Structure formats: structure tokens, C-alpha cells
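The primary structure of each chain is shown beneath.
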Amino acid sequence: ATTLQKFQNFWLIHDISGIPKKYLFQIGVLKNASLIEAQDTHIGRVHESYLDMMKSSKFVKGISPVFHPDFLDLYKNLLREGTEIELILTSDIVEEIISKVDLAEFSQYIMNGQLSIFQNEKLQVALTVTDKVISLGLFNVNGIYDYNVDLIDSDPKAREWGEGLYEYYRRGSKNLSEELGAIL
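Residues numbered from 1 in each chain as written. Predicted model: local features only at pLDDT ≥ 70, side-chain atom pairs only at ≥ 80, totals over all residues. Heavy atoms only, no water.

Undergrad: Even after reading the chapter, I still don't get the side chain of serine 57, so can you show me in this structure?
TA: Inspection of the secondary structure puts serine 57 in the loop between α4 (45-54) and β2 (59-64). Engagement of the side chain of serine 57 in a polar contact is seen with the backbone oxygen of methionine 54, the distance being 2.7 Å. Apart from the residues lying within four places of it in its own chain, the contact partners of serine 57 are Leu78, Thr83, Thr130, Asp131 and Lys132. (Helix = DSSP H or I, 4+ residues; strand = E, 2+ residues; numbered from the N terminus. Polar contact = N/O pair within 3.5 Å; in protein donor to acceptor, adjacent residues only side chain to side chain. Contact = heavy atoms within 4.5 Å.)

Undergrad: What am I meant to see in the confidence of the model for the protein here?
TA: Reading fine detail from the predicted coordinates is not recommended where pLDDT is low. Summary statistics for the protein give a mean pLDDT of 90 and a share of 96% for residues scoring 70 or more. Of all the helices and strands in the protein, helix α9 (residues 177-183) carries the lowest mean pLDDT, 67, while helix α8 (residues 156-171) carries the highest, 97. (pLDDT = per-residue confidence, 0-100.)

Undergrad: What am I meant to see in the side chain of threonine 128 here?
TA: With respect to the helices and strands, threonine 128 occurs in strand β5 (residues 125-130). Overall, threonine 128 belongs to the buried group, its relative accessible area being 6%. A distance of 2.7 Å separates polar atoms of two side chains, one belonging to threonine 128 and the other to tyrosine 50. (Buried < 20%, exposed > 50% of the residue type's maximum accessible area, 1.4 Å probe, protein only.)

Undergrad: It is not clear to me how the packing of aromatic side chains should be interpreted in this structure. Could you clarify?
TA: A ring pair, where both rings are aromatic, is described by two values, the distance of the centres and the angle of the planes. Within the structure shown, the criterion is met by seven aromatic pairs. On the numbers, 4.9 Å between centres and 70° between planes, the contact of phenylalanine 10 with tryptophan 11 is edge-to-face. Like tryptophan 11, phenylalanine 10 is buried. Geometrically, the ring pair formed by tyrosine 23 and tryptophan 161 is edge-to-face, given 6.3 Å between the ring centres and 80° between the ring planes. With tyrosine 23 in helix α3 (residues 21-25) and tryptophan 161 in helix α8, the pair connects residues that are 138 residues apart, well separated along the chain. Of the residues examined, tryptophan 161 reaches a relative accessible area of 3% and is grouped as buried. (Phe/Tyr/Trp six-rings, centres within 6.5 Å; stacked < 30°, edge-to-face > 60°.)

Undergrad: Would you take a moment to explain the sheet that holds strand β1 (residues 34-37) for this structure?
TA: The pairing of strands in a sheet comes from backbone hydrogen bonds and takes either a parallel or an antiparallel form. Strand order in the open sheet made by the eight strands is β1-β7-β6-β5-β2-β3-β4-β8, with mixed pairing throughout. Each edge of the open sheet is held by one strand with a lone partner, namely β1 and β8 (174-175). Direction of pairing for β2 relative to β5: antiparallel, over a ladder of four bridges. Each bridged residue has a counterpart across the sheet, and for valine 60 the counterpart in β5 is threonine 130. In this fold helix α6 (residues 91-100) packs onto β2, β3 (84-89) and β4 (115-119), with an angle of close to 125° to the strand it touches most, β3. (Pairing = 2+ DSSP bridges. Axes fitted to C-alpha atoms, helices over the stretch in contact; angles between N-to-C directions.)

Rendered as C-alpha cells:
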């Protein structure tokens, strides 16, 4: 209840239907979370915080129903540093990425098992779980992704919760890694 009260405005204006009941019942583990919010004088605050948060991650598990071109450089740099990355993306985002990356380089990461790509058309949350932190973004109740706020938490129990939610979505996703490795 504390988590729901602490972030009442966040939960009330966002669509939480993408979080299965099992994980909603466990939402209390996010009690130490923080909200990163855009400000009138700094509209890119959430995006910049996300990019900073990702630096030097040892692993990344991400669910993304949205795309930003900065993510390509971010993930390319993380892969070059040896970070293991698993991403669950929609087909539109997969196509967008394929049209913009050095295919040979990304193919190498897929083939050596450092990068795994899964496809799922029913992504209703944006979630990133690393060895240090989780970041949760949601769509507003009108169905538009809210770039202006992220819930972040570095507590180990919150990261465990995030990994469980990630696995829930991964189980319902198609593994594209082999297919993409051959195409790329």
C-alpha cells in the first residue's frame, strides 16, 4: 500500500494493465523507488537520466514498445564493453533498428550470444533491468507512451521483481536471435 500511496499520481494516470496481477500484488517491493520527471526547464531529464543509468551495466534486460535513436549508440557501446543484452521489441522497432545499424557488427553480437532479440506485439510496459537498477515506464490512460516520467529503483528486491516481469513477457515472445543472426 505504501508504494501505491507514495506514487499515487504515477499509478492513477498510467495504464497498468500490462503488469500482471501477480506483479501488481508484489508492487510493494518498489517502496524505495524514485520518480524521474521532466521539468519545464529540462524536458529531456528522463531520457538523459535513463542513458546515464545504463552506462557500465554488466547486463541489460529490456522491454521496449518505443524507440529513440539514442538507444542504438547506447546499446552499441554497451555491447562493445561486453555487456550481455536481451531485448523484447515490437516488429516495428526491430525493423527500425535493422534499417539503422551496422548489420555485420550486430550479427556478430547475436551469433556469440551476447545479444538476444525477442519479438512481442503486445508490449504495454517499458522496462529495463540491469545489475544495478530497474526503470519502468508506462503508457498514459489515453494509450500514449509517457516520456515524461520513469520509476526507478536500485533495491535488489525491486530488480528481482523487474526480472520476473521481464521473464513473464519473454515467455510470450518469439526468439528472433537465430533468424536475425542469419539475416544480418
